[in-house]
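So the chains spell out like this:
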Amino acid sequence: MIETELPSREQMINELKQNNSFDVVVIGGGITGAGIARDAMLRGLRVCLLDKSDFSGGTSSQSSKLLHGGLRYLQNYEFSLVREAALERERNLEMAPHLSKIYRFVVPLYKWSKTPKFLLRMGLILYDILAYPKSIGSHKNLGAKGIIKEYPFLKNDQLVGGAYYHDIRTNDSRLTLANIQSATSGHAIALNYFKVESWERVEDGVRVDAIDLETSEKLKIKTKVLVNASGPWSEDVEKLGKDFEGDMKIRRTKGTHITIRPKFDDFAILIVNNDNRPIFLIPWDEFTVVGTTDDEWKESNESVKASKEDVDYILSALNRLFPEENYTYDDIFSTWAGLRPLVYQAGKDERKTSRNHTIHNYGDVISIAGGKLTTYREMARQTVDKVLKNLGLPISKHRCVTANLPLWSAAYPDYETFSSETTNILRTKYNLGDDTAKMLIEFYGEATELITNIIDEDQTLAERLEDNLPFIKAQVVHAVRHEYALNPVNVLRRRFQIAFCKGNGLSSLDTTVDLMARELNWNADKRAEMTQMYIDYVNEFMAVPK
Ligand SMILES: Cc1cc2nc3c(=O)[nH]c(=O)nc-3n(C[C@H](O)[C@H](O)[C@H](O)COP(=O)(O)OP(=O)(O)OC[C@H]3O[C@@H](n4cnc5c(N)ncnc54)[C@H](O)[C@@H]3O)c2cc1C
């Protein structure tokens, strides 16, 4: 039984207007800011988080969606980062099992591979040791025959052997949202489409000038400590400070992914490409994700998208693995690209730049950048410790509790039992297909109950959005009512990822806009605007580049 009702965006804005003073204001509703908001709220602070776009609208919906130690960082001797990430991978599994799916990652090696077998094996031994104690399974070395026996479609004259190890696939947008919902369920305020235009140190803290991009209303907010968690925008947000000299320096590198039709479903593949870069093939039910690239990005953050060169690079790696498939642009369902907000290190190229995070503590202002989706909880812990110190509050009285507390919608005592009982109800009482039941549980955890409540109000909302995909109409209503979705991109690209599937969700668009219009009282002009907005988004950011 899910207990907590979440406040709406409107309720939170009203609350903000009644009392605009906070202990901490967080700029950025990606995974970093969302984790900080949750942690700070749990330590008893009054928190307000603002994001100029959607929650996870920046890098946090553009990742490879893995909770991993980061096997390849061993090449850069980043042992402490791998150790920290491996421990956090385990914690994520405990905090939200429905958002953490363990996969075996098969690593085939070929005659052309630059990584010799012994190096892979040494790396995997170290990877397992650094993750000790862990519950997700160890690695195993395989000869060419062993690989072909277990994974016959990897048969290839060039294959010389390989291995497998284990990591976790998550859902980056939904992990971020679950942190936002954890924060708002505990009376933090979190507002998407609320842009910070400037800020200024004042006598007793920091004044933030923000604008509600939905209404153009401007508000002044006061905070004792300002946390800048704006990822690739970290330098820009420091520059918004009047007479403020910050020293955060970000190196942005672009990573592109594509999705193709599902090829296998119970394991993932890591290809060590012929230039020694890793390319993952990660199964989802409706598609396989393939990526990624890692190239310096000098243009605007808002314009990042897959280029033809990125897609050609990924396709050539894919065709080296499966020569008989001859994948072309026609096989690609969708593309996306995101920016890694790496902390600049002089003398290091983009691939050698550390994925570690950095916290710059300026007293009443703190900037945090870098890091990983996997390590967000630990990044939040360290940041909030600094906030408390700056506020003069003892950490001993405000201890971090996030390591042992489930995320919102993940408080089921035992995931296996929860999952099988819920599947049963979805099948028998709601007559939903197995694919829909599985997707709902993996996406929403306990909040699946909020979706069935919506179906109880109107049975037609149990209908699918598209015949051959598991997504149902009630998810659109739920996204508006409980997930702060304000437009079809929020719904179809981030609350559930129909945009990554064949057809990019365009066949679901009219129904989605109808359902949203009903919830949000849109008139005909607004409906037309929203429909066009989604079409433009897909063409610009998800289509195969011409
Ligand atoms: C291609 C790629 C693959 C990756 N794969 C993985 C992976 O598999 N596993 C892993 O652990 N990590 C992975 N990462 C890293 C991980 O995704 C990032 O470290 C993480 O998402 C960064 O989150 P963030 O919150 O710091 O930044 P963001 O998610 O970008 O959030 C910053 C937010 O700040 C907001 N903002 C900016 N300016 C303002 C303003 N003026 N007012 C209000 N809001 C503002 C933006 O709108 C944005 O939403 C990957 C990264 C990339 C690019």
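Residues numbered from 1 in each chain as written. Predicted model: local features only at pLDDT ≥ 70, side-chain atom pairs only at ≥ 80, totals over all residues.

## Digging into the overall build of the protein chain
- Helix and strand counts for the protein chain stand at 16 helices and 18 strands.
- Whereas a compact globule of 546 residues would reach a radius of gyration of roughly 24 Å, the protein chain reaches 23 Å, a difference of no more than 12%.
- Across the 546 residues that make up the protein chain, the buried fraction comes to 50%.
- Long-range contacts, defined as pairs at least 24 residues apart, comprise 71% of the intrachain contacts of the protein chain with a sequence gap of at least 6. (Helix = DSSP H or I, 4+ residues; strand = E, 2+ residues; numbered from the N terminus. Rg over C-alpha atoms; globule rule 2.2 N^0.38 Å. Buried ≥ 20, exposed ≤ 12 C-beta atoms within 10 Å, placed from the backbone. Contact = placed C-beta atoms within 7 Å.)

## So, unusual backbone geometry
- Tyr 132 connects to Pro 133 through a cis peptide bond whose omega is -10°.
- Here Pro 133 shows up in the loop between α4 (117–130) and β5 (140–143).
- One non-glycine residue, Asn 504, adopts positive backbone phi at about 55°.
- Turning to its location among the elements, Asn 504 is positioned in the loop between α14 (488–495) and α15 (509–520).
- One non-glycine residue, Asn 521, adopts positive backbone phi at about 55°.
- By the element assignment, Asn 521 lies in the loop between α15 and α16 (524–542).

## A word on the site of the ligand
- The immediate surroundings of the ligand are formed by 39 residues, with Gly 28, Gly 30, Gly 58, Gly 231 and Gly 255 found nearest.
- Counting residues per element, the ones that place at least two in the shell around the ligand are α2 (31–42), β8 (194–202) and β16 (332–343).
- If you tally residues by element for the shell around the ligand, the top one is β16, at four residues.
- Two domains each provide a minimum of three residues to the shell around the ligand, namely domain 1 (9–60 + 173–249 + 354–404) and domain 2 (91–169 + 251–343). (Near = placed C-beta within 6 Å. Domains from an automatic or database assignment.)

## So, the pairing of strand β4 (residues 101–110)
- Pairing of β4 with strand β6 (residues 159–169) involves ten bridges; the strand directions are antiparallel. The residue of β6 that forms the bridge with Arg 104 is His 166.
- Strand direction decides the pairing type here: β4 and strand β12 (residues 268–272), joined by two bridges, are parallel. Its bridge partner being in β12, Val 106 is matched across the sheet by Ile 269. (Pairing = 2+ DSSP bridges.)

## Overview of the domain arrangement of the protein chain
- Structurally, the protein chain comprises domain 1 (9–60 + 173–249 + 354–404), domain 2 (91–169 + 251–343) and domain 3 (415–542).
- Across the boundary between the two partners, domain 1 contributes 14 residues, which contact eleven residues of domain 2.
- Contributions of two or more residues to the side of domain 1 that touches domain 2 are made by α6 (172–185) and β18 (365–370).
- At three residues, the largest contribution of residues to the side of domain 1 that touches domain 2 is made by α6.
- Split into classes, the residues belonging to the side of domain 1 that touches domain 2 amount to six nonpolar, five polar and three charged. (Nonpolar A, V, L, I, M, F, W, Y, C, P; charged D, E, K, R; others polar.)

## A word on the environment of Ala 403
- Along the chain, Ala 403 falls in the loop between α9 (376–391) and α10 (415–428).
- For the pair Ala 403 and Glu 378, spaced 25 residues apart in sequence, the C-alpha separation works out to 8.6 Å.
- Here Ala 403 is in contact with Arg 91 and Arg 377, once residues within four sequence places are set aside.

## A word on helix α12 (residues 448–457)
- Among all positions of α12, only Thr 448, Ile 451, Ile 454 and Ile 455 are buried. Projected down its long axis, α12 shows its buried positions confined to an angular sector of 115°, all on one face.
- Next to the buried residues of α12 lie α10, α11 (434–444) and α13 (473–482). (Arc of directions from axis to C-beta.)

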